[in-house]
Each structure stands twice: as C-alpha cells, then as structure tokens.
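Below, each chain spelled out in residue letters.
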Amino acid sequence: MSEVICPDNVLIEIEADRILDTVMEMKNKGLRLSQACAAYINDKYELSYSFANEDTYEYTTLRVFIDKETKVCSITEFYPYAFLYENEMKELFGVNIEMINFDYHNKLYRIQTETPFLKKGV
Amino acid sequence: MGKTSIIPFGPQHPVLPEPIHLDLVIEDEKVIEAIPSIGFVHRGLESLVDKKDFNEMTYVVERTCGICSFMHGMGYCESVEHIMDIEVPLRGRFLRTIWCEMSRLHSHLLWLGLLADGFGFESLFYECWRMREKILDLFEMTTGGRCIFSVNKIGGVLKDIEDDMIKTILRVLNDMEKEINTIKKTFLLDYTVESRLKGVGYLSKQRAHDLGCAGPFARASGIRMDMRKRGYAAYAEIDFEPITSDIGDSYARCQCRIEELTQSIDIIRQAAAKMTQGEIAVMAKGNPKGEYFMRVEQPRGEAIYYVKANGTKFLDRMRVRTPTFANLPGMLEAIKGAQLADVPLLILTIDPCISCTER
Amino acid sequence: MANVKKSPWLLHYDGSSCNGCDIEVLACLTPVYDVERFGIVNTGDPMQADILLITGGINYQNQSIVKQIYDQMPRPKVVVAVGICACTGGVFKECYNILGGADTIIPVDIYVPGCAARPQAIIDGVIKAVELFQQRSDEHDALEKRKKRP
C-alpha cells in the first residue's frame, strides 16, 4: 500500500479589494492556480480561485462575494494563464473583470445568448 | 529577418479529430506566436443543472467527453458523495478503480495511435487502435457500452464485474502487456520516431509549473503530481508511484504515457487481487447541501468537479475544469519557436480533448 | 461514373459532439471494423469528398463552418448524421448554445442513432450512403447527357 496524501480542502473568504494581495501571497508560496470559476447565487456572484500545491496536494480556495456591479481586478498579472478562466467568467456570467492581459471581449466561446448563466430577467 | 505572415490552422484539419482554431504567426517556417480561438464545441452543459436533478446530472456529466466518460461520471459522483457523506462500499470503489484504469489504457492507446498518425507512421497507428479495440471489448463485456458506459451512480456503481469476467480481463491484459512491449520498442527506439519527437516542444519544469500544466504533460517535465495519490476510489489500497521524466520534450511525453500503460495494467492486477465480495452501492437518501472540489486524475491530467448544492433536487452550480483547459497555455508556449510542420504534432502532445475543454 | 460506389471518399467533421461518436467513426476506419474494405477512403479535404459524416449538434459558432464545408463538397454528395446529437440535439438539446441536429442547417440524408453510435450502425449508415451516392451520381450523369444533346 502506498502513502495517501489527502489533506482537506481549505476555503478562505476574502473581501473583493484583497484579491490581488492574497493572490500574490499564493504566488509567493509557489502554488499553482488550479481553477477559477464564478457562480451566481442569491443575487451575488461567488468567485472561487483555487490554488494547488503540487507536492503536498493541499488545495486552497479563495472565495469572494461581490455584487453584480462591483468591478474586480484581473489576476493575470500574477498568473498569466488565468486569462482563459477570467474570459470565461466574463462571458458566461458577466462578471466585471478589468485588465485581463488577453481579453477576448466576450468572444471566447462566441455564444449568441448574453451571460447565459445568470437567471432570466436579471 | 523573414516576412511575417499569419496562417490559419483548423478548425477542420486532417490531423485533428476535433475542431480548434489557431492563428499561427510565422516568420519563414518558424512559429512566433499562436493565438487560439475556441468555442466550436461549446454546448453549455453546466447550465443544465437548472433542468436536470442531481441524479440525472451524472449522465449529463458523463457526456462531457466520450473518451474519459467514466472518469467524468465518477468525479461528479464522488463530489456529491462527499457532500452527502456517503461511504461507497469497498467493492464498488475497486470496480471504479478497474474501470478507471481501463479508461486510461484505452485513452493512452488512442493517443499513441493519433501521435503515430501525426508523424505519418500509419501501420503503428493501426497497431495501437487494434489493441485499443480489445479494451473496448472488455468494456462492452462488463458495462454494455463502448464509449459511454453510464455505470456510475451516486452511492456506487450499477453493475458488478463477475469473477469469470475478471479472469477474462486479466487474460486479455496479460496478452496485451506483451504487445505493449513490442510497440514500446518502436515508439522509443525507432530512429524515424526519435527524429520527429526528440527535442521538439521542450518545456522546462519551471515553465510547466508557471503555466499551470497538469497530467502526463506536466509529469514529462518533471512535476511529480498525480491526483491518484489522493486516494479516491480504491487507490489508497494500491501501490504505485507517479511516472515522471526530466527531459520535457515530446519524446518524454510519449515515454511517460507508454509507461503509464504498463502501470495501469499493474494497478488492475492489484485491484483484482485485493477485491473482496460485497455490496457495490448504497442508497443515497435526501438531497445534497454544501460544496466540494473533487480532483481526479484523468488520462489527460487533473480534472476538477465543483459541486455546490442548496438542499434541493437541483444544484446551484456544477463546474468541470478539464485537464486540456489547464494545458492550453502550455501548448501555446511549446508551439512558440517550433517549425510549422511540427505544429500538428505539438498540439497532439498535450492530448487535447476539445469537447472536454469547452463543455 | 458507372461504379462510383466502389470508391467514395469520406469526410468527417465534429460538430459539437462529446467525442464518443468521433472516436467510433475513427474506429470504423481502423482495423477490426475497417470500412476501407468497401473502397472508402478517409480524406481531410472537403473539395474531394463525396460523403460527409457529421457528429454532434450544431451550435452558433460552427454553423457557418458546417455550411461552408457542405458547400465546398462537389455535387453529388450525401450527408450522414452520426449519433443522436447530430440527429436531434440529443441530451444537449436544452443547452443554450445548441441549435439542434445537423439538419437545422444542411440537408441530411441518413440518420444513424445511438449514444454513442455503435460502429456496426455507422457502417450500416455509410453503406446506405454509398448506395444513395451511386443513385445520385447516375441521376447526375443522365442529366448531363441530356444537356449535351441538341
């Protein structure tokens, strides 16, 4: 039997203006951005940025709750490859993300419906 | 300095079974930059959570991709099971492990075949696909399907593999091991293959980390990361070590995947030996409430299933992050500086699965 | 073109399928199932293709591409929709980005059901398509002959 490395997932809730600071901390720790996604629940966006440690398999998720109009800054400054995730959030959910290094301007998937993941009438 | 021009690549291209479009900025024959545009296969599968309940979603998630469909279904089920605190019986977990490794075998053989086709080695391509058909026959025998199995459910699996079927599986795999050794010689020692793969698309360990690569693509650059080590399904009972290489070029990626074939056969043998009789599933009662990020190791790398449930039949959010999505930036980096003729091959080396990526 | 059914050329395009039908189409072209024994050659070039195999539903982005590939194929031509998604939209029919089956934008002649369509069913569909192709080709020839006569 081999050794099992399965630490519990960690969830940290932060304020919208602390995204960049915290992401920079994660970058300095040498973590890999594993995924970023949005959800629209109870008239609020829930943004999740997950960071993975490649050796210890630790998984830390930053959770940010923002209103529909709030603007957030892109994390592509620290994680350039986050552009795909952020473009996706912007196109499918309509999250106001600013300063993405490679902005597709809502043309990543080129869908016909605008922000299909928002409930109808929002 | 040559003249710069832009060559459109795809979406319909002989080497790609699936559509992806790249704008290749080239100078003479050298690629300076590749700009991707995706969305040809985007369906919007995640939005079906509003229309299908969490049990039905298993079958939708399975259809994210026809190659690793079993693992998609399993990853989603494990995520919901974690939220609902369901302990899957040991036999169910072992069965999942066996099917997982069989999926890996069939996916890697498929990839090796496509790679051989990519560098024009037609007979090797046919050889790999002939071997793959044997695995598909085993799938048909145990689950009834060839691509989409639908044997997962929340709480376990739907079908049992009987003992004489296990014997057949082991017999077929014994024969296959010998055949794998034969194609291994061709892939790793043939000079035509070497000259197409060695030194092509080099990615250092640091770059692979900085670009967030996953799976065999990252392991070929020396990142020792394999989600199976987290011990989901029955991997905790099984003895194995991630296969890595320090070389980081296309040849290393090919080598890693070939060695994973033998590793998968070994894991199936261990699972078959350690499996005990018993229940294969438990009933799932009630509705899930909570959230979880489940990470599983697909043939292509780490896949993430995020489920957020609110206590009703319908989930709030279900997200699949597939390995190709993570590997795209790495692929664009590997293409930079390559010869135009190597581009199809380099796209193949990440084992792209576009329908996974765009969902 | 009396015996054109002995060597039709085949083009495969992946609409927005889940890959399942695509690998089954590819499996048909490789050993074990091997449609090449009917003289069929797989090509990547629409301009030389006779039969279009289309898998997966049509979404907003690929509709123009499918249309273009269809238009690039010389007449006579036959279209086979492989898999339930290409027939009707299948499990993804309710998704926001799916228009429906392949027949929403191009005329489809043969429908092969299944999720994923089995190789046997695909071969059956292809054989039907080959016969239809011969028939269309004969009609096309007769039409040309009549045109030439004063």
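Residues numbered from 1 in each chain as written. Chains lettered and ligands numbered in written order. Predicted model: local features only at pLDDT ≥ 70, side-chain atom pairs only at ≥ 80, totals over all residues. Heavy atoms only, no water.

### A short note on the overall build of chain B
Secondary structure summary: chain B contains 12 helices and eight strands in total. The C-alpha atoms of chain B give a radius of gyration of 20 Å, which matches the 21 Å a tight globule of 359 residues would have. Seen along its three principal axes, the alpha-carbon backbone of chain B occupies a region of about 70 × 45 × 35 Å. Out of the 359 residues in chain B, the part that is buried amounts to 67%. In chain B, once contacts between residues fewer than 6 apart in sequence are set aside, the share between residues at least 24 apart is 70%. When the accessible surface of chain B is split by element, carbon and sulfur atoms take 51% of a total near 11,200 Å². Charge centroids of chain B, computed over 45 positive and 50 negative side chains, lie 3 Å from each other. (Helix = DSSP H or I, 4+ residues; strand = E, 2+ residues; numbered from the N terminus. Rg over C-alpha atoms; globule rule 2.2 N^0.38 Å. Buried < 20%, exposed > 50% of the residue type's maximum accessible area, 1.4 Å probe, protein only. Contact = heavy atoms within 4.5 Å. Areas by Shrake-Rupley, 256 points an atom, 1.4 Å probe, with all protein chains shown as cover. Lys, Arg positive; Asp, Glu negative; His and termini not counted. Charge placed at Lys NZ, Arg CZ, Asp CG, Glu CD.)

### Concerning the overall build of chain A
On a plain count of helices and strands, chain A comes out with two helices and six strands. Ordered by position in the sequence, the α and β elements of chain A form the string β-α-β-β-β-β-α-β. The dimensions of chain A, computed from C-alpha atoms along their principal axes, are 50 × 30 × 30 Å. Here chain A holds 122 residues, and the buried ones make up 52% of them. Taking all contacts inside chain A whose residues are at least 6 apart in sequence as the whole, residues at least 24 apart take part in 53%. For chain A, the exposed area adds up to about 5,800 Å²; of that, 47% sits on carbon and sulfur atoms.

### Focus on the interface of chain B and chain C
With 40 residues of chain B at the interface, the matching set in chain C holds 39 residues. With both chains or domains summed, chain B and chain C bury close to 3,200 Å², and 61% of this area falls on carbon and sulfur atoms. Applying the counting criterion to the chain B and chain C interface returns three salt bridges. C:E24 serves as the salt-bridge partner of B:R146, at 2.8 Å between the closest nitrogen and oxygen. Seen at the junction of chain B and chain C, the total is nine residue pairs in polar contact (both at pLDDT 80 or more). Elements supplying a minimum of two residues to the side of chain B that touches chain C: α3 (90–118) and α4 (122–143) of chain B. When residues in the side of chain B that touches chain C are grouped by element, the largest group, seven residues, is from α4(B). (Buried area = accessible area lost by both parts, 1.4 Å probe. Salt bridge = Lys/Arg side-chain N within 4 Å of Asp/Glu carboxyl O. Polar contact = N/O pair within 3.5 Å; in protein donor to acceptor, adjacent residues only side chain to side chain.)

### Overview of the sheet that holds strand β8 (residues 315–321) of chain B
All names here are of chain B. An order of β6-β7-β8 is seen for the three strands of this open sheet, with the pairing classed as antiparallel. Every interior strand has two partners, whereas the edge strands, β6 (289–298) and β8, have only one. The sheet shows a mean angle of 10° between the axes of neighbouring strands, direction not considered. (Pairing = 2+ DSSP bridges. Axes fitted to C-alpha atoms, helices over the stretch in contact; angles between N-to-C directions.)

### Considerations on the sheet that holds strand β5 (residues 78–82) of chain C
Residue and element names in this part refer to chain C. Judged by pairing direction, the sheet is parallel, and its five strands sit side by side in the order β2-β1-β3-β5-β7 without closing on themselves. The open sheet has two free edges, formed respectively by β2 (41–43) and β7 (110–112), since each of these has just one partner strand. This sheet shows a mean twist of 25° between the axes of neighbouring strands, independent of strand direction. Alignment of strand β1 (residues 9–14) against strand β3 (residues 51–55), held across five bridges, turns out to be parallel. Across the sheet, L10 pairs through a bridge with I51, a residue of β3.

### Re the interface of chain B and chain A
Taken residue by residue, the interface counts 47 residues in chain B and 42 residues in chain A. Buried surface at the junction of chain B and chain A, both sides included, amounts to about 3,800 Å², of which 55% is carbon and sulfur. Between B:E291 and A:R63 there is a salt bridge, and its shortest N-O distance comes to 2.8 Å. The interface formed by chain B and chain A holds 15 residue pairs in polar contact (both at pLDDT 80 or more) in total.

### Considering helix α2 (residues 63–72) of chain C
All names here are of chain C. Within the span of α2, buried status applies to I65, V66, I69 and Y70. Along the axis of α2, the buried positions cluster into a sector of 135°, meaning they face one direction only. Looking at the buried positions of α2, the neighbouring elements they touch are β1, β3, β4 (58–59) and β5. (Arc of directions from axis to C-beta.)

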